Amino acid sequence: MAGLVGWLSGLLFGRAAGVHAKNAVRGAHAEQSGGERNHADPGPRRAAHQRPGNQGHAHDDSDNPVSAAYVWCHVVLHGVVGKLVNGFATAWQCYRAAGFHSIVRSLAFLASVITSLAALAADGKDFLAAREAWASGNAKRFTLVAEKIPRDSPLHIYVAYWKVARELDNDAGIASFLADYPEAWLSERLRGEWLKELGRRERWQAFLAEYPRLARPEAAHECLARRAELAAGNRSRLREAIALWFTGRDMPAVCTPLFSTLITQGLLNEEDVWRRLRLAFEAGNPGVAKSLLSALPEQRRPSPASIDRAYQSPIGWLAASLESGSLDWENRAHREIGFFALNRLA
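Residues numbered from 1 in each chain as written. Predicted model: local features only at pLDDT ≥ 70, side-chain atom pairs only at ≥ 80, totals over all residues. Heavy atoms only, no water.

Draft legend 1. Structural detail: the packing of aromatic side chains. Scanning the model with the defined rule gives twelve aromatic pairs in all. Ring geometry for Phe177 versus Tyr181: centroids 5.0 Å apart, planes at 45°, classification tilted. Tyr181 shares its class with Phe177; the two are buried. One aromatic cluster is present, formed by Phe127, Trp134, Phe142, Tyr158 and Trp162 through successive ring pairs. The positively charged end of Arg166 is found above the aromatic ring belonging to Trp134, 4.0 Å away from the centroid. Taking NZ or CZ as reference, Arg275 lies 4.2 Å from the ring centre of Phe246, over its face. (Phe/Tyr/Trp six-rings, centres within 6.5 Å; stacked < 30°, edge-to-face > 60°. Buried < 20%, exposed > 50% of the residue type's maximum accessible area, 1.4 Å probe, protein only. Lys NZ or Arg CZ within 6 Å of the ring centre and 35° of its normal.)

In structure tokens, the structure reads:
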């Protein structure tokens, strides 16, 4: 019996419950077999079971032997409670490990995703039609379809963006979009394009008001910002404006007016032009180098053709120049091109 009860308990509740059941059944049988000895020799154990007020009437557990059914119920209860306790303990450990608030936030996010998906399914057809109309330039159909998408739809922001993205001169419409969606990545994108448009129109006051809100300014924005400051009489960031000049890469066209102003005002000199010319050579940008030639005095200006030959065939240019005797190391233009060709061979 002990083996059967233990086997069933172990099958249902695990090995520990099976061992507990076997021990309980064996203990019950032991008490039944030991009852006869207790009748013959009460001893201390029998005395211990005598109740106050009933002296002389001994009570022995062996008079009511524990049945296998009782043991089975005890084991089942032990197993169920153990399972529940272990389950709650495991759940609590999971909550502690993941963080209760993190789980709540995850559930809230999941609920919002499900809601958004339902809205997307409802508005998806009109959204795709609006996107197609916008991409094809059909403004009339775009306006007609876009009005069907409700403002509370998660897709509405894209429709609102398309309405103003091609009208960068619509300052009021763009400002309204940025106010409605201040944290959206589309707002950052639109703000960047709008600032370039404001700079193109030289609306410097509006530019300076919006520029601090741009999270990731490009080189074009930086050049426009320095131009706006100079136009407003603010010369506190001249050092940053000058630093934009010293690069070997091609700068946006909106930077050219800034550099021209710095050169005209004497804030960039001829040596600074040669320095940037060398940076362009080192970066492998002969096009940038040739664009700088107009900033040099004509008598000390390398020819664009010599830059192209030195870049494309440095050994050929050096050999031809040395053979013809045209390479004059005392001449600044020859010297700079000569070093450029030698660096190309290194």
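Draft legend 2. Layout of the confidence of the model for the protein. Here the protein averages 77 in pLDDT, while 64% of its residues score no lower than 70. Considering each helix and strand of the protein separately, the mean pLDDT is smallest for helix 3 (residues 43–48), with a value of 40, and largest for helix 11 (residues 219–231), with 98. Contacts of residues 1–22 to residues separated by more than four positions or lying in other chains number 34 contacts, the stretch itself having pLDDT below 50. (pLDDT = per-residue confidence, 0-100. Helix = DSSP H or I, 4+ residues; strand = E, 2+ residues; numbered from the N terminus. Contact = heavy atoms within 4.5 Å.)

Draft legend 3. Layout of the pattern of salt bridges. What the rule picks out here adds up to 19 salt bridges. With its nearest N and O atoms 3.9 Å apart, the salt bridge here joins Lys196 to Glu193. Taken together, the residues Lys196 and Glu193, both in helix 9 (residues 185–200) and three residues apart, mark about one turn of the helix. On the accessibility criterion, Glu193 (37% relative accessible area) is partly exposed. (Salt bridge = Lys/Arg side-chain N within 4 Å of Asp/Glu carboxyl O.)

Draft legend 4. Spotlight on the state of the cysteines. Under the defined criterion, the tally for this structure stands at one disulfide. Through a disulfide, Cys223 is tied to Cys255; the S-S separation comes to 2.0 Å. Between Cys223 and Cys255, the disulfide has an S-S torsion of 95° and is therefore right-handed. Of this pair, Cys223 sits in helix 11 while Cys255 sits in the loop between helix 12 (238–243) and helix 13 (256–264), and the two are 32 residues apart along the sequence. (Disulfide = S-S within 2.5 Å.)

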